[in-house]
Amino acid sequence: SDLHDFLHGLPKCEHHVHLEGCMSPELIFELAQRNGIELPAATNPAYASIAALSARYEHFTSLDDFLSFYFQGMDVLCNQADFADLAWWYFQKAHADGVHHAEVFFDPQVHQDRGIPYETIVAGFSEGCKRAERELGISTRLILCFVRHLPVDSAQKVYERFLASGHFEAGVVHGLGWSSTEVGPPKDMYRAQYTDAKTKGIPLTAHAGEEGDPSHISVALELGAQRIDHGIRLIEDPELMKRIAKEGILLTVCPLSNVRLRCVKKVEEVPIRRFLEAGIKFSINSDDPAYFGGYILDNYCAVQDAHKLSVLEWRIIAENSVQESWIPNERKAELL
Ligand code: HPA
Ligand code: ZN
């Protein structure tokens, strides 16, 4: 229907997808069986069956309600092959949706805290990335995400492993982000890690302005974030909005996520037109597609159905997505 074929063919970059957010209920049950892990069906009826779990995903009440399922779901990832298979599954889906470049998040703290070595996690996800580059021609970036619901010590431990691994210099892990519970923990809880990473020239992003007010965005920028994940509550601070437009900071917007997590009632309320009119750069992304009912093309189509953008406006969105990707100019030229 209306522009959907055009949107399918439009070369896309994805900047905001959590690999652990690509674990479908089917995959959770399959890996639980493969790895001999018991799902908590006794205490949570949602884990009674694949169908019950899928149905529960349609009724998240908040970010934290979703996160409880998200962190439970990733518990079944154990071996390098599990991580590699998960990443490969995502890249195949992204490729089918017309993604040419993907920057993907992963949450090593959670896996490390349940005894999976940092090296196993990165080796698996990185294997999936390399396969996507080789077999699908997708360029990839792996972004290590700190999670705000765990103590800062746990993030520091992962950060030290990351530095010691040489993965940044080797081009295996390309940047850092933060995510999970937004409202509650100190806004600047990763000040030490971000300040240090900035001196090392490591690209930084941060989830901010999803459930939290715009001061979360200001603090993220103060700590060195070059990009803001979500950022939809930016419209509540006109001065900050001007600054973000002027500095060309990219927002990685995730419309279907915002609806499922009740940040907005419907995609019409995601401030797509406000951002376009203010000259704010943004990309459209899937966040946790297995939990939110859609991969990237579903998000593009939902935005089109709600906001009726022109082909010219879509070209602006697509071009900004390429320009603000963390890739060399030669790769940008190929994508434009
Ligand atoms: N917000 C915060 N943390 C997350 C999200 C999100 O949308 N997805 C996965 N972790
Ligand atoms: Zn996210």
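Residues numbered from 1 in each chain as written. Chains lettered and ligands numbered in written order. Predicted model: local features only at pLDDT ≥ 70, side-chain atom pairs only at ≥ 80, totals over all residues.

### Focus: the UniProt feature "binding site: Zn(2+)" (unreviewed entry) in the protein chain
UniProt feature "binding site: Zn(2+)" (unreviewed entry): in the numbering of this structure it lies at His16, His18, His207 and Asp287. Maximum C-alpha separation among the annotated residues is 11.8 Å over a sequence range of 272 residues, consistent with a single clustered spot. Inspection of the secondary structure assignment puts His18 in strand E1 (residues 12-18). The exposure class of His18 is buried, given the 25 C-beta atoms found within 10 Å. Apart from the residues lying within four places of it in its own chain, the contact partners of His18 are Phe105, Asp107, Asp287 and Asp288. Position of Asp287 relative to the elements: it lies in the loop between strand E8 (282-284) and helix H14 (289-292). By C-beta crowding, Asp287 is classed as buried, having 30 other C-beta atoms within 10 Å. (UniProt positions renumbered as here; feature names shortened; annotations may be inferred. Helix = DSSP H or I, 4+ residues; strand = E, 2+ residues; numbered from the N terminus. Buried ≥ 20, exposed ≤ 12 C-beta atoms within 10 Å, placed from the backbone. Contact = placed C-beta atoms within 7 Å.)

### Examining the site of ligand 1
The immediate surroundings of ligand 1 are formed by His18, Gly21, Leu63, Tyr70, Ser179, Ser180, His207, Glu210, Ser257, Asp287 and Asp288. Grouping the amino acids of the shell around ligand 1 by side-chain chemistry returns two nonpolar, six polar and three charged. (Near = placed C-beta within 6 Å. Nonpolar A, V, L, I, M, F, W, Y, C, P; charged D, E, K, R; others polar.)

### Side note on the UniProt feature "active site" (unreviewed entry) in the protein chain
In the numbering used here, UniProt assigns the "active site" (unreviewed entry) feature to Glu210. Of note, Glu210 is situated in the loop between strand E5 (205-208) and helix H10 (215-222). A tally of 24 C-beta atoms within 10 Å means that Glu210 is categorised as buried. The contacts of Glu210, once residues within four sequence positions are left out, are Leu63, Glu182, His230, Ile232 and Cys263.

### Concerning unusual backbone geometry
A positive phi angle, near 65 degrees, is found at Leu3, a position not held by glycine. For Leu3, a count of 17 C-beta atoms within 10 Å gives the class partly exposed. Positive phi values are uncommon outside glycine, yet His230 reaches one of about 80 degrees. Among the secondary structure elements, His230 is positioned in strand E6 (residues 227-230).

### Re the nonpolar core
Core analysis: the biggest nonpolar cluster contains 92 residues, and Leu19, Ala87, Phe106 and Phe125 have the highest contact counts within it. If we skip the residues at most four places from it in the chain, Leu19 touches Leu86, Ala87, Tyr90, Val104, Phe105, Phe106 and Phe125. (Core = buried A, V, L, I, M, F, W, Y, C linked by C-beta atoms within 7 Å.)

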